[in-house]
Amino acid sequence: MLDIRLYMLQRISALIMAPLTLGHIAVMIYAIQGGLTTAEILGRTQGSVLWFSFYGTFVIAASVHAAIGLRVILSEMVTLPRFALSVFTWGSCLILLFMGARAVSAVTML
Amino acid sequence: MSSIPDMMDVSIWRGDGTFGQFESFKVPAQESQTILDVVAWVQQNQDPTLTYRYACRVGMCGSCAMMVNGVPRWTCRTHVKKVLVNNNLEVGPLRNLPVIKDLATDMDPFFDKWVAAEGVHHPTKTRDAPIEPILPTNAGRVEASSGIECINCSVCYAACDTVANNPDYLGPAALQRAWTVYNDSKDANKQAVLDAVSGVGGCHNCHSQGSCTVHCPNGLNPMNAIAGLKRVTAMSFFKNGK
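Criteria and cut-off values
- Residues numbered from 1 in each chain as written.
- Chains lettered and ligands numbered in written order.
- Predicted model: local features only at pLDDT ≥ 70, side-chain atom pairs only at ≥ 80, totals over all residues.
- Heavy atoms only, no water.
- Helix = DSSP H or I, 4+ residues; strand = E, 2+ residues; numbered from the N terminus.
- Rg over C-alpha atoms; globule rule 2.2 N^0.38 Å.
- Buried < 20%, exposed > 50% of the residue type's maximum accessible area, 1.4 Å probe, protein only.
- Areas by Shrake-Rupley, 256 points an atom, 1.4 Å probe, with all protein chains shown as cover.
- Core = buried A, V, L, I, M, F, W, Y, C linked by side-chain atoms within 4.5 Å.
- Domains from an automatic or database assignment.
- Contact = heavy atoms within 4.5 Å.
- Buried area = accessible area lost by both parts, 1.4 Å probe.
- Salt bridge = Lys/Arg side-chain N within 4 Å of Asp/Glu carboxyl O.
- Polar contact = N/O pair within 3.5 Å; in protein donor to acceptor, adjacent residues only side chain to side chain.
- Nonpolar A, V, L, I, M, F, W, Y, C, P; charged D, E, K, R; others polar.
- Expected span 1.5 Å × (residues − 1).
- Axes fitted to C-alpha atoms, helices over the stretch in contact; angles between N-to-C directions.
- Parallel < 35°, antiparallel > 145°, perpendicular 65-115°, else oblique.
- Left-handed = near helix turned anticlockwise from the far one by under 90°.

Colleague: So what about the overall build of chain A? Which residues, and what values?
Modeller: The helix and strand inventory of chain A stands at 4 helices and 0 strands. In terms of overall dimensions, chain A is more spread out than a globule: its C-alpha atoms have a radius of gyration of 17 Å, far above the 13 Å expected for 110 residues. With the C-alpha coordinates aligned to their principal axes, the bounding extent of chain A is approximately 50 × 25 × 20 Å. Of all 110 residues assigned to chain A, the portion counted as buried reaches 33%. When the accessible surface of chain A is totalled, it reaches about 6,800 Å², and 77% of it is carbon and sulfur.

Colleague: Give a description of the nonpolar core that names residues and reports values.
Modeller: Residues and elements named next belong to chain B. Ranked by size, the top nonpolar core spans 36 residues in total, and within it Phe 110, Tyr 169, Leu 175 and Leu 229 carry the most contacts. Those elements that place two or more of their residues in this core are strand E3 (65-68), helix H3 (108-116), helix H5 (155-159), helix H7 (172-182), helix H8 (190-196) and helix H10 (222-240). If one sorts the elements of this core by residue count, H7 sits on top with 7 residues. Here this core gathers at least three residues from each of two domains, domain 1 (7-105) and domain 2 (108-240). The residues touching Leu 229, leaving out its near neighbours within four places in the chain, are Leu 175, Ala 178, Trp 179, Val 197 and Cys 203. Counting residues in hydrophobic clusters, the runner-up holds 23 residues, among them Met 8, Leu 36, Val 39 and Val 68.

Colleague: Run through the interface of chain A and chain B, naming residues and quoting values.
Modeller: At the junction of the two partners, chain A supplies 12 residues and chain B supplies 15 residues. Of the roughly 1,300 Å² buried at the junction of chain A and chain B (both faces included), carbon and sulfur atoms supply 62%. Together, Met 1, Ile 4 and Glu 76 of chain A form the three largest contributors to the area buried by chain A at its contact with chain B, with a combined 45%. Seen at the junction of chain A and chain B, the total is 1 salt bridge. Note that Asp 168 of chain B is salt-bridged to Arg 82 of chain A, the shortest N-O span being 3.1 Å. Inspection of the region where chain A meets chain B yields 4 residue pairs in polar contact (both at pLDDT 80 or more). Breaking the side of chain A that touches chain B down by element, the ones donating at least two residues are helix H1 (4-33) and helix H3 (49-77) of chain A. If one sorts the elements of the side of chain A that touches chain B by residue count, H1 of chain A sits on top with 5 residues. Each residue belonging to the side of chain A that touches chain B can be placed in one class, and the counts come to 7 nonpolar, 1 polar and 4 charged.

Colleague: Which residues make up H10 of chain B, and what values do they have?
Modeller: Residues and elements named next belong to chain B. A rise of 1.5 Å per residue sets the reference length of H10, with its 19 residues, at 27 Å; its end C-alpha atoms lie 26 Å apart and thus fit the reference within 8%. Here H10 has its buried residues at Pro 222, Ala 225, Ile 226, Gly 228, Leu 229, Lys 230, Val 232, Thr 233, Ala 234 and Ser 236. Downstream of H10 by one or two residues, Gly 241 has phi in the positive range, about 75°.

Colleague: Got a sec to walk through unusual backbone geometry? Specific residues and values, please.
Modeller: Residue and element names in this part refer to chain B. Notably, Asn 87 is not glycine yet its phi reads approximately 65°, a positive angle. Assignment of secondary structure puts Asn 87 in the loop between helix H2 (80-83) and strand E5 (88-92). For Asn 96, which is not glycine, the phi dihedral falls at a positive 70°. By the secondary structure assignment, Asn 96 is in the loop between E5 and strand E6 (99-101).

Colleague: With reference to specific residues and values, describe the packing of H3 of chain B against H7 of chain B.
Modeller: Residues and elements named next belong to chain B. At a closest axis distance of 8 Å, the pairing of H3 and H7 adopts a crossing angle of 25°. Judged by the angle between their axes, H3 and H7 are roughly parallel. Crossing of H3 against H7: the hand is right-handed. Counted together, Phe 110, Lys 113 and Trp 114 of H3 and Ala 173, Ala 174 and Arg 177 of H7 form the full contact between these two elements. For the contact of H3 with H7, the residue count by class is 4 nonpolar, no polar and 2 charged.

Colleague: Residue-level account of the pattern of salt bridges, with values.
Modeller: All names here are of chain B. All chains considered together, the criterion is met by 9 salt bridges over all chains. When the shortest N-O distance is used, the salt bridge between Arg 14 and Glu 23 registers 3.4 Å. Between Glu 132 and Lys 125 there is a salt bridge; the shortest N-O distance is 3.1 Å. When salt bridges that share partners are traced, they join Arg 14, Glu 23, Asp 47, Lys 101 and Asp 102 into one network.

Colleague: Can you explain the environment of Gly 59 of chain B? Please cite residues and give values.
Modeller: Residue and element names in this part refer to chain B. Here Gly 59 lies in the loop between helix H1 (35-45) and E3. The buried category is assigned to Gly 59, whose relative accessible area is 11%. Counting along the chain gives 10 residues from Gly 59 to Thr 49, while the straight-line C-alpha distance between them is 25 Å. Among all residues touching Gly 59, those that are not within four sequence positions of it are Trp 74, Cys 76, Arg 77 and Ile 151.

What follows is the structure, given as structure tokens:
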């Protein structure tokens, strides 16, 4: 149930996520090695446009990528009309986007 | 060389896609014997109502493919000794296709998808034009040549899990044909091919599991052809937005 548009969206979102994932892992290792406290971490991320952009982009790319992946899995496991599949895809994307946006705003907003 | 008992236990699917069951037969083992020989022996000696399809018997026509012990194979070129398990054989109709009766499947969906994948020649010239020489070493020709030995047996189609789970998916054979046409320098409408393989049942549904390539009796590589289509459609998407 993938046409060229969804295929390209999934590949491009994966391309965006790949370096961001590596950056996220690097930050986690750095934070643990250095023994940073939660307050120290929040002190650096809150109000930072850089971290807002970093994790904001990550959340958007992950929401798009995961929603399309879930759509493929569902379409191959259950026979569903195309409209229902689209509702599921958009629904998954919006739920992930909402949850991710909440996390990003909590960590980067003042 | 392993010895074969005098008689083999052969289970053959009887019925259509909705109703039916495997029926057991005792078939005499021969030193050199194909699965098609076994099926023919049952039809000629035990049950003349057994329905199956074959034509050339030498691996050229692609009509005799069946599931043998759960694996799609060309039965006229599959030796019993290669696939016999504990003196048992199970022969069924090809997977992923409607069963007409017993071992004969309806190939219409398979061939309809060849047409849907735009696997047809779009001529650049008329029949009166002189034949245009194409170098065999030309890169496009090399790609096209790698797929032209397809005998339309539908073994790849039966082997494909994506076809099993997504009825719209065009399948490995049709997509390989589209890739061949796309690489033919004498073809005039490559965009039509790209459009045909970019829809909801197109090449982008392939998970690259590779069952088509593993099971192709002619040693072709449809997975590589599908990867090629994914590459050129992605490039077309960036260039033309579709």
